[in-house]
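# Residue-level structural notes
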Amino acid sequence: MFFLKELPTRQMLETYQQRFPAMKIDTVEAALHMLRQASLLMRELDAYFASHDLSQLRFLILIVLDREVERKGLMPSEVAARLDVSRPVMTRTLQTLATDGLLEFMDGDTDARVKLLRLTAQGKASLYKVLPCYYAQIENFMQLQSDSPERG
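These remarks concern the structure in this document. What you see is a predicted model; the values in this text were computed from it and never measured. (Residues numbered from 1 in each chain as written. Predicted model: local features only at pLDDT ≥ 70, side-chain atom pairs only at ≥ 80, totals over all residues. Heavy atoms only, no water.)

### With respect to helix α6 (residues 121-147)
If you check α6, its first and last C-alpha atoms are 40 Å apart, about what 27 residues at 1.5 Å a residue would give, namely 39 Å. The sharpest bend along α6 comes to roughly 30°, located at L131, with the proline P132 sitting one to four residues further on. Buried residues of α6: G123, S126, L127, V130, L131, Y134, Q137, F141 and Q145, and no others. On its buried face, α6 sits against α2 (25-50), α3 (56-66) and β2 (115-119). (Helix = DSSP H or I, 4+ residues; strand = E, 2+ residues; numbered from the N terminus. Expected span 1.5 Å × (residues − 1). Bend = angle between axes of the 7 residues up to and from the residue. Buried < 20%, exposed > 50% of the residue type's maximum accessible area, 1.4 Å probe, protein only. Contact = heavy atoms within 4.5 Å.)

Spelled out as structure tokens, the structure:
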């Protein structure tokens, strides 16, 4: 999250540029605005996920597993490699998703020591239930941004 509610004014950035001449005001200003907007969108999405007993991480794990249609499942390490979270957080979240019935652990085809993850029918139903409004929220947010006088 980006917690700065009031972005620096152009005048403030110009003052900083006097101290730090290499600073490109337009680039910094655009990046700060982008960070602020992304943070606002993430808050909206977090609230939406919470209303469906999900979190961003739980949602992303479901997405990662769902998009692997050519495979029987993914190893937990493969899921972890696709997401930017620590191993303990990933392990705990995968276990919780399994306990909640959204994914299941299976033995690998050639080696029973290898565990694969796949979505359950309940996991797919949960994911497919949230996706339409998830995309609609993003679309509405982006529309509001493009309609905003600041951006035009």
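### So, the packing of α3 against α6
One can describe the packing of α3 onto α6 by two numbers: an axis separation of 10 Å at closest approach and a directional angle of 110°. It follows from the interaxial angle that α3 and α6 lie roughly perpendicular. Residues F59, L62, I63 and D66 of α3 form the contact with α6, whose own contacting residues are G123, K124, L127, Y128, V130, L131 and Y134. (Axes fitted to C-alpha atoms, helices over the stretch in contact; angles between N-to-C directions. Parallel < 35°, antiparallel > 145°, perpendicular 65-115°, else oblique.)

### Things to note about the pattern of salt bridges
All told, the structure shown has eight salt bridges when counted by the stated rule. Here R58 and D100 are joined by a salt bridge, their closest N and O atoms 3.0 Å apart. With R58 in helix α3 and D100 in the loop between α5 (87-99) and β1 (103-107), this pair connects stretches of sequence that are 42 residues apart. Among the ionic pairs, E78 bridges to R71, the shortest N-O distance being 2.9 Å. For R71, a relative accessible area of 35% puts it in the partly exposed group. Through salt bridges with shared partners, a single network forms among R10, E14, D26 and E29. (Salt bridge = Lys/Arg side-chain N within 4 Å of Asp/Glu carboxyl O.)

### Observations regarding the environment of K115
Position of K115 among the secondary structure elements: in strand β2. Taking the relative accessible area as the measure of exposure, K115 reaches 38% and is therefore partly exposed. Sequence separation of K115 and F3 is 112 residues, and the distance between their C-alpha atoms is 39 Å. Beyond its immediate sequence surroundings of up to four residues, K115 is in contact with L74, M75, P76, F105, M106 and D107.

### Overview of the environment of A80
Tracing the backbone through its elements, the reader meets A80 in helix α4 (residues 76-82). Between the alpha carbons of A80 and I61 there is a distance of 8.7 Å; along the sequence they are 19 residues apart.

### Examining the nonpolar core
In a soluble, globular protein the nonpolar side chains are often hidden away together inside. Ranked by internal contacts, the top residues of the largest apolar core, which has 26 residues, are I61, L65 and V79. The set of elements that each furnish at least two residues to this core consists of α2, α3, α5, β2 and α6. Of all the elements, α3 adds the most residues to this core, at six residues. Once residues lying within four places of it in the same chain are set aside, the contact partners of I61 are V79, L83, M90, T93, L94, L97 and L103. (Core = buried A, V, L, I, M, F, W, Y, C linked by side-chain atoms within 4.5 Å.)

### Side note on the packing of aromatic side chains
Working definition: an aromatic ring pair is given by the centre-to-centre distance plus the angle between the planes. Counted under the stated rule, the structure contains five aromatic pairs. Each ring, one from Y48 and one from F49, has its centre 6.1 Å from the other, and the planes form 50°; the classification is tilted. The exposure class assigned to Y48 is buried, which follows from its relative accessible area of 11%. By the ring-pair criterion, three or more aromatic residues cluster together here, those being Y48, F49, F59, Y134 and Y135. (Phe/Tyr/Trp six-rings, centres within 6.5 Å; stacked < 30°, edge-to-face > 60°.)

### Details of unusual backbone geometry
Phi at D53 is positive, roughly 55°, even though this residue is not glycine. Within the secondary structure, D53 sits in the loop between α2 and α3.

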